[in-house]
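# Descriptive structure summary
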Amino acid sequence: MKDADRAEGEQVPERGIGLSRRSLLKAMLAGAAAPALSKTGWGRAAARNPLYFPPTIYGGNVSLTCAPAQANLGGGHISNVLAYNGTFPAPTLAVRKGQFVNVVLHNGLAQETITHWHGMIVDEQNDGGPHMAIPPNGSHSYSYPVVNRAGLNFYHPHPHRLTGEQVCLGLAGALIVRDAEEDALGLPGSLYSGAPPLSVPRARATPFSSKYEVPLILRDANFDGSGNLRYNPGGNGFFGDTPLVNGTIEATLSVDASVYRFRVLNGSNARVMRLALSNGSMFRLIGNDGGLLEFGSQVGTFVIGPGERLDVLVDFRGYAVGTSVMLRDLDANWDLIEFLVTSSHAEGNIPSGRLSTIERLANPVRTRTFEFEGMNKVNGRSFDMNRIDFQVPFGEVERWILTTRGTAPHPVHIHGASFQVRSRTGGRGQVFPWETGWKDTVLLLDAETVEVLIRFDRQAYYSGPQRYVIHCHKLEHEDAGMMSNFVVN
């Protein structure tokens, strides 16, 4: 596509992946002349790298191939990665509620794999649980209607004992759902202008075209002596010494003096992040894992565990050209990404009043307790692929109590349904604003107990009992066996 053919506001990817031999040589030569990788804490880097935007695939008909590739992480830093369709991070998939998603997954890895649609409400066949893993050169077909409300979900591998490695080496991408309720709010940016037809005849990959809505996939990384991504987990998970945002080292984003919507995913294997803006400004929180909240709120700092998502607005109106604001991880003392005001153009608004109507779950008919113990057990047992640990009826509200017995944090993720957080006792002792509404992952720190209400609703296309898992989303805990099979019927 020529630059002249791009829609107004459409952003051109700043770097490539799956490079040609000539481009790879140029990038390697540029990297040799570049300054050493900065692993320092706060302070503007001498030269930061433009934030990369993975291509966006609009519509639900997609072919995905996971295979080795090479990526330029910025500044000429070339790394071997694992990638979906040669892209690191993976392509952003954009769909609307009511569309059908049809995906064919091809395994080009030397290991078995399977792709899980984290946050999506789907049946067992489409969930991508570990028992659905396919061998090298195998394939798996998904076909499901989008029943989720608007929100940021994501997709990543879920093969037993291999999830941590495959995600760390690059296999993860965003999945954004739109609906009419969100359309009506006039939020900054939009993957679609207006409401497109539910049937999109052919998926297409283009640069991310929403100037004022930006996906931010946060994670940490380690590198070997050749500069390639390295998976070297420790005793309690993988912790990298270098932050990446959308696969970019020392990322920067040029912004107008306008309102921006940032769709934030903690894509780390194990790292919990405490996010804040360097100038002390507040975020306007409007959504989380399960989509829009009922009302927005002003929040200065977020604690976000692996697998959790945030939907926030940042108001740059009134900032002078040349102003630099960092998104920081306060716990790691990292500047994750710089927002550099380069234009005085101002637009956008922050909606007030009700954002969404959310059904409140109530009157649970039973209670279940789940203890996350050590690094590999749920309720005293490690995961067995062939063992079903409990059964849940469709359509009934249940109270699930999630508690820790050491080696927290444990970000607990439940497949097959969203839930509502009712209380947290011990530890931090409160439910935070970003934990209201609907969730699919909730963070437990040491000595914490979280109570949630959950209901599994049978969708029209479901056939028979559905098998799901509950597990710790610290991926090394998951791989070690901190996961439990259950059946809904």
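So, a few notes on the structure that sits alongside this text.

Parameters and conventions
- Once a new chain begins, its residue numbering starts again from 1 and follows that chain's sequence as written.
- Reporting in this predicted model follows two pLDDT cut-offs: at least 70 for local features of residues, and 80 or more for side-chain atom pairs to be given and counted; totals over whole chains, interfaces and linings ignore these cut-offs and use all residues.
- Heavy atoms from the whole structure form the basis of all side-chain values; hydrogens and water molecules are not counted.
- In this text, helices come from DSSP runs of H or I with a minimum length of four residues, and strands from runs of E with a minimum of two, each type numbered from the N-terminal end.
- Partly exposed describes any residue whose relative accessible area lies between the buried limit of under 20% and the exposed limit of over 50%, with all areas from a 1.4 Å probe on protein chains only and scaled to the type maximum.
- Any two residues whose heavy atoms approach within 4.5 Å at even a single point are treated as in contact.
- Method for areas: the Shrake-Rupley scheme with a 1.4 Å probe, in which residue coverage is limited to the protein chains shown.
- At least two DSSP bridges between two strands are required for those strands to pair.
- Geometry is summarised by axes, namely lines fitted to C-alpha atoms with helices restricted to the contacting stretch, and by angles between N-to-C directions that run from 0 to 180 degrees.
- Centre distance within 6.5 Å is the pairing criterion for rings of Phe, Tyr and Trp, where only the six-membered ring of Trp is used; planes under 30 degrees apart are then read as stacked, over 60 as edge-to-face, and the remainder as tilted.
- Any Lys or Arg side-chain nitrogen found within 4 Å of a carboxyl oxygen on Asp or Glu counts as a salt bridge.
- Here, nonpolar core means buried Ala, Val, Leu, Ile, Met, Phe, Trp, Tyr and Cys residues that are tied together by side-chain atoms lying within 4.5 Å of each other.

## Topic: the overall build of the chain
Across its full length, the chain holds 5 helices and 34 strands. When burial is assessed residue by residue, the chain has 60% of its 489 residues classed as buried. Within the chain, contacts between residues separated by at least 24 positions form 78% of all contacts whose residues are at least 6 apart in sequence. Approximately 17,800 Å² of the chain is accessible, and the part contributed by carbon and sulfur atoms is 50%.

## Thoughts on the sheet that holds strand E31 (residues 441-444)
Judged by pairing direction, the sheet is mixed, and its 5 strands sit side by side in the order E27-E34-E33-E29-E31 without closing on themselves. Looking at which strands have only one partner, the edges of the open sheet turn out to be strand E27 (390-392) and E31. Across the sheet, the axes of successive neighbouring strands diverge by a mean angle of 25 degrees, strand direction being ignored. Direction of pairing for strand E29 (residues 410-414) relative to strand E33 (residues 466-472): antiparallel, over a ladder of 3 bridges. Note that in E33 the partner of His413 across the bridge is His471.

## A word on the packing of aromatic side chains
This structure, assessed with the given rule, holds 25 aromatic pairs. Each ring, one from Tyr468 and one from Phe486, has its centre 6.1 Å from the other, and the planes form 45 degrees; the classification is tilted. Placement of Tyr468 in strand E33 and of Phe486 in strand E34 (residues 483-488) is noted, with a sequence separation of 18 residues between them. For Tyr468, a relative accessible area of 1% translates into the label buried. For Phe486, a relative accessible area of 0% puts it in the buried group.

## Some points on the pattern of salt bridges
On inspection of all chains with the given rule, the structure shows 33 salt bridges. Among the salt bridges present, the one from Lys211 reaches Asp256, with a minimum N-O distance of 3.0 Å. Of this pair, Lys211 sits in the loop between strand E11 (204-206) and strand E12 (213-223) while Asp256 sits in strand E16 (residues 251-256); the two residues are 45 residues apart in sequence, bridging distant segments of the chain. Judged by relative accessible area, which is 32%, Lys211 ranks as partly exposed. When its relative accessible area of 5% is taken as the criterion, Asp256 is described as buried. Of the charged contacts, one joins Asp457 and Arg455 as a salt bridge, the two residues approaching to 2.9 Å between their closest N and O atoms.

## Some points on the pairing of E12
Most of E12 is tucked away: 11 of the 11 residues are buried. Residue alternation in E12 divides its side chains into two sets, Glu213, Pro215, Ile217, Arg219, Ala221 and Phe223 and Val214, Leu216, Leu218, Asp220 and Asn222, and both sets are buried. When E12 meets strand E17 (residues 259-266), the two strands line up parallel, connected through 6 bridges. Note on E17: the bridge partner recorded for Glu213 is Arg261. Sheet analysis places E12 next to strand E14 (residues 242-245), joined by 4 bridges and oriented antiparallel.

## Here we look at the nonpolar core
Among the nonpolar cores identified, the biggest contains 40 residues, and Leu216, Phe262 and Phe339 are the most heavily contacted of them. Broken down by element, this core gets its largest block of residues, 5 residues, from strand E24 (residues 334-343). Setting aside anything within four residues of it in sequence, one finds Phe339 in contact with Leu216, Leu253, Val255, Phe262, Leu277, Phe316, Thr323, Ser324, Val325 and Leu327. In this structure, Leu73, Leu82, Leu169 and Ile249 belong to the second largest nonpolar core, which totals 38 residues.

## As for the side chain of Glu435
By the secondary structure assignment, Glu435 is in the loop between strand E30 (419-425) and E31. Those residues within four positions of Glu435 in sequence are excluded, and the remaining contacts are Asn288, Val421, Arg424, Gln430 and Val442.

## Focus: the sheet that holds strand E23 (residues 324-329)
On the basis of which strands lie adjacent, the open sheet formed by 6 strands has the order E1-E16-E24-E23-E18-E21 and mixed pairing. Bordering the open sheet on either side are strand E1 (49-50) and strand E21 (302-304), each of which pairs with just one other strand. Relative to E21, strand E18 (residues 273-277) is paired through 3 bridges, and the arrangement is antiparallel. Counted as the bridge partner of Leu275 is Phe302 from E21.

## Concerning unusual backbone geometry
Here the residue pair Phe88 and Pro89 is connected by a cis peptide bond, since its omega of -10 degrees sits within 30 degrees of zero. For Pro89, the location among the structural elements is in the loop between strand E4 (78-84) and strand E5 (92-96). Although it is not a glycine, Asn85 sits at a positive phi angle of roughly 55 degrees. Within the element layout of this structure, Asn85 appears in the loop between E4 and E5. Exposure remark for Asn85: the relative accessible area of 34% places this residue in the partly exposed category.

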